[in-house]
Amino acid sequence: MKRTKIKELLHLQPAGQTIKVQGWVRTFRNNQFIAVNDGSTILNLQAVTALDSLDENTLKRITTGACLSIVGELIPSPAKGQAVELKVTSLEILGDSDAEKFPLQPKKHSLEFLREIAHLRARTNTISAVMRTRHAMAFAVHKFFNDRGFFYINTPIVTGSDAEGAGDMFRVTTLDINNPPRDEHGHINHKEDFFGRETNLTVSGQLEGETYALALSDIYTFGPTFRAENSNTTRHLAEFWMIEPEMAFYDIHDNMQLATDLLQYLVKYALDNCADDLEFLNKRALEEEASKPQEQRSELGLLDRLKFVVENEFQKLSYTEAIEILKNSNPNKKKKFQYLIDQWGVDLQSEHERYLVEKHFKKPVILYNYPKGIKAFYMRQNEDDKTVAAMDVLFPGIGEIIGGSQREERYENLLQRVREMNLPEKELWWYLDLRKFGSAPHSGFGLGFERLIQFVTGMTNIRDVIPFPRFPGNAEF
Ligand code: 4AD
Ligand code: MG
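Just so it is clear, the model here is predicted, and its values are computed rather than measured.

Engineer: A description of the packing of aromatic side chains should follow, citing residues and the corresponding values.
Structural biologist: Aromatic ring pairs are defined here through the distance separating the ring centres and the angle between the ring planes. Inspection of every chain in the model, using the stated rule, returns 19 aromatic pairs. Between the aromatic rings of Tyr-319 and Tyr-370, the centroid separation amounts to 5.7 Å while the plane-to-plane angle is 40 degrees, which identifies the pairing as tilted. In this pair, Tyr-319 is assigned in helix α9 (residues 319–327) and Tyr-370 in strand β13 (residues 365–371), connecting sequence segments 51 residues apart. The class for Tyr-370 is buried, based on a relative accessible area of 2%. One aromatic cluster is present, formed by Phe-139, Phe-144, Phe-145, Phe-150, Tyr-152, Tyr-220, Tyr-265 and Tyr-269 through successive ring pairs.

Engineer: Lay out the pairing of strand β1 (residues 18–29) with the relevant residues and their values.
Structural biologist: When β1 meets strand β4 (residues 67–76), the two strands line up antiparallel, connected through seven bridges. Within β4, the residue paired with Gln-22 across the bridge is Ser-69. Hairpin connection of β1 to strand β2 (residues 33–37): three residues between the antiparallel strands, including Asn-30 at a positive phi of 50 degrees.

Engineer: Lay out helix α14 (residues 449–457) with the relevant residues and their values.
Structural biologist: Counted residue by residue, α14 has nine buried out of nine residues, so it is predominantly covered. Those residues of α14 that sit buried are Phe-449, Glu-450, Arg-451, Leu-452, Ile-453, Gln-454, Phe-455, Val-456 and Thr-457. One or two steps after α14, the chain reaches Gly-458, where phi turns positive at roughly 75 degrees.

Engineer: Describe the sheet that holds strand β14 (residues 387–395), naming the residues involved and giving the relevant values.
Structural biologist: With mixed pairing, eight strands are arranged side by side in an open sheet as β6-β10-β11-β16-β15-β14-β13-β12. The outermost strands of the open sheet, each flanked by one partner alone, are β6 (151–152) and β12 (315–318). Pairing of β13 with β14, which is carried by six bridges, proceeds in the antiparallel orientation. Within β14, the residue paired with Tyr-370 across the bridge is Val-388. Where helix α4 (residues 125–147) meets the sheet, its contacts fall on β6, β10 (218–226) and β11 (239–248), and the angle it forms with β10 comes to roughly 150 degrees.

Engineer: How would you sum up unusual backbone geometry? Please name residues and give values.
Structural biologist: Its identity as a non-glycine residue notwithstanding, Asn-31 has a phi of 55 degrees, on the positive side. Its location among the elements puts Asn-31 in the loop between β1 and β2. For Asn-31, a relative accessible area of 42% translates into the label partly exposed. Backbone geometry at Asp-385 places phi at a positive 70 degrees, although glycine is not the residue there. When you line up the elements, Asp-385 lands in the loop between β13 and β14. In this structure Asp-385 comes out as exposed when scored by relative accessible area, which is 53%.

Engineer: Help me get a handle on the nonpolar core, residues and values and all.
Structural biologist: Membership of the largest hydrophobic core comes to 63 residues, with the highest contact counts inside it found for Met-137, Ile-401 and Leu-452. Once you skip the residues sitting within four places of it in the chain, Met-137 turns out to touch Leu-266, Tyr-269, Ala-270, Phe-449, Leu-452, Ile-453 and Val-456. The next biggest cluster of nonpolar side chains, apart from the first, holds 31 residues, and it includes Leu-207, Leu-356, Val-357 and Met-379.

Engineer: Go over the site of ligand 1 with me, naming the residues and quoting the values.
Structural biologist: Every one of the 24 residues lining ligand 1 counts as a neighbour, but Glu-164, Gln-206, Arg-227, Glu-244 and Glu-400 are closest to it. The contact in question runs from an oxygen atom of ligand 1 to an N or O atom on the side chain of Arg-227, over 2.8 Å. Its free accessible area being 630 Å², ligand 1 has 92% of it covered by the protein chains. The set of elements that each furnish at least two residues to the shell around ligand 1 consists of β11, β15 (399–406) and β16 (442–448). Here the shell around ligand 1 gets five residues from one element, more than from any other, and that element is β15. When grouped by side-chain class, the residues that make up the shell around ligand 1 number eight nonpolar, eight polar and eight charged.

Engineer: Explain the pattern of salt bridges to me, using residue names and the numbers behind them.
Structural biologist: What the rule picks out here adds up to 26 salt bridges. The salt bridge partner of Glu-289 is Lys-292, with a shortest N-O separation of 3.1 Å. Glu-289 sits in the buried class, given a relative accessible area of 15%. Residue classification places Lys-292 among the partly exposed positions, given a relative accessible area of 22%. Where Asp-433 meets Lys-436, a salt bridge forms, and the shortest distance between an N and an O atom there is 3.6 Å. On the basis of relative accessible area, Asp-433 is assigned to the partly exposed category, the value being 22%. Here the salt bridges do not stand alone but share partners, grouping Glu-210, Glu-246, Arg-407 and Arg-435 into one network.

Engineer: Talk me through the packing of helix α6 (residues 252–273) against α14; I want residue IDs and the actual numbers.
Structural biologist: Direction vectors running N to C along α6 and α14 enclose 45 degrees, while the axes themselves pass 11 Å from each other. Here α6 is positioned oblique relative to α14, judged by the angle of their axes. Crossing of α6 over α14 shows right-handed handedness. In contact with Leu-263, Leu-266, Val-267 and Ala-270 of α6, α14 contributes Leu-452, Phe-455 and Val-456. Partitioned by chemical class, the residues of the contact of α6 with α14 number seven nonpolar, no polar and no charged.

Engineer: Please set out the side chain of Glu-289 residue by residue, giving values where relevant.
Structural biologist: By the element assignment, Glu-289 lies in helix α7 (residues 275–290). Among residues more than four places away in sequence, those in contact with Glu-289 are Arg-297 and Ser-298.

Engineer: Let's hear about the environment of Met-242: which residues, and what values?
Structural biologist: Relative to the elements of secondary structure, Met-242 occurs in strand β11. Considering only alpha carbons, one finds Met-242 and Phe-445, 203 residues apart in sequence, at a separation of 9.8 Å. Each residue touching Met-242, except ones within four places of it in the same chain, is listed here: Val-203, Ser-204, Thr-221, Phe-222, Gly-223, Thr-225, Arg-227, Gly-446, Leu-447 and Phe-449.

Definitions and cut-offs
Residues numbered from 1 in each chain as written. Chains lettered and ligands numbered in written order. Predicted model: local features only at pLDDT ≥ 70, side-chain atom pairs only at ≥ 80, totals over all residues. Heavy atoms only, no water. Phe/Tyr/Trp six-rings, centres within 6.5 Å; stacked < 30°, edge-to-face > 60°. Helix = DSSP H or I, 4+ residues; strand = E, 2+ residues; numbered from the N terminus. Buried < 20%, exposed > 50% of the residue type's maximum accessible area, 1.4 Å probe, protein only. Pairing = 2+ DSSP bridges. Contact = heavy atoms within 4.5 Å. Axes fitted to C-alpha atoms, helices over the stretch in contact; angles between N-to-C directions. Core = buried A, V, L, I, M, F, W, Y, C linked by side-chain atoms within 4.5 Å. Near = heavy atom within 4 Å. Polar contact = N/O pair within 3.5 Å; in protein donor to acceptor, adjacent residues only side chain to side chain. Areas by Shrake-Rupley, 256 points an atom, 1.4 Å probe, with all protein chains shown as cover. Nonpolar A, V, L, I, M, F, W, Y, C, P; charged D, E, K, R; others polar. Salt bridge = Lys/Arg side-chain N within 4 Å of Asp/Glu carboxyl O. Parallel < 35°, antiparallel > 145°, perpendicular 65-115°, else oblique. Left-handed = near helix turned anticlockwise from the far one by under 90°.

Rendered as structure tokens:
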């Protein structure tokens, strides 16, 4: 007999039809009521056994965490809170779970504790709701771009250069680290390494992405990226996923519009397609908020925050305007910021970004035209000779969710920046080549996938929105 997923059977008219369900026991009450979850939905199915229909031994084995295969009749549920239930006709235990030892009890566990049992935490309501939503967002990313004629390009994970300079890199090598081959100066000889050169895990697919934008016009990447920075925050991972569209013939304003369209599309997709999970996560976030001090609570609940982003324009603001606002802000005058804003040209910290978004404008902000000194070499220089056509999208509760720019398409200007910033000109030969052969104005950005999932699910810590988080000191599982 074929198995029916719980998500599907909840839509059926209950008419006593025979159905097979397979899943894991969440709770078992009164030797009669089994709440079964198979992960297809946040909702459990109640399976009801006739009293005394099961032998003593089977009853004992129906424990939280055990895996069951149940056949029964689907009937309207007399109980509140569910439309249907399954009247059990036969029950088989596929996998026992020792109730004494199973770490997940039918009670609230802290997210910190759940991180230590990441192999089992997917069986909780919270993590399963987050991961189903994560899936929906990944699907929606591909749908958004496909519908607009973008091509999905897979850029390499092992790369030869650290041209981007986005962060410290993880080395990739097959040399014997205890006894590496050395050259006549005593330096490690990477010519003998697997690739015949030094290699690293990529921090971004952008530079390779640009090569395809200058051939296929509109492309995007969606893959894992790696940064070996020692950032122990709720918004940083050492391994995270990034979506990087790159478009020929787009200027910085087209770029900002695409970023806005993408974010609004994704959030709306979640509202339209993840209702059950978001409703649960909304309640969860409310409870978490209640335990925070008043001034740290957000004014809107999760669902209202999501609707707000879909329905409201993002505030566009130049870096120079932002500095003026921040200089004259209360926390700056009262020296409440950890980093005080005293002059044009300083990099903005997350406290400043959050002030602009959460206190001043109370909506998402797109900051653009940053000082060239604090941005990457490939960003297009503006006529003022001071700023580059960079943009960051800042979101409430998250801070920077997107970073991007118009790219420098003029060979001489790009070469000059490469030299000024002491970058390895030789390694960048192919990137510079793009500006020699049919160069075109083009732009792109990177959306941090986990930061998006944090925003959509209302989870406070980025470690809870990726199945197996990688961060300093942690690579278990
Ligand atoms: O601002 P970033 O470093 O930009 C780039 O890598 C560009 N090459 C993107 C491009 O123009 N194609 O990173 C982009 C986004 C950030 O806005 C943030 O959302 C996310 O990636 N991000 C991280 N997410 C989790 N953990 C980290 N350590 C992250 N670093 C960046
Ligand atoms: Mg950035």
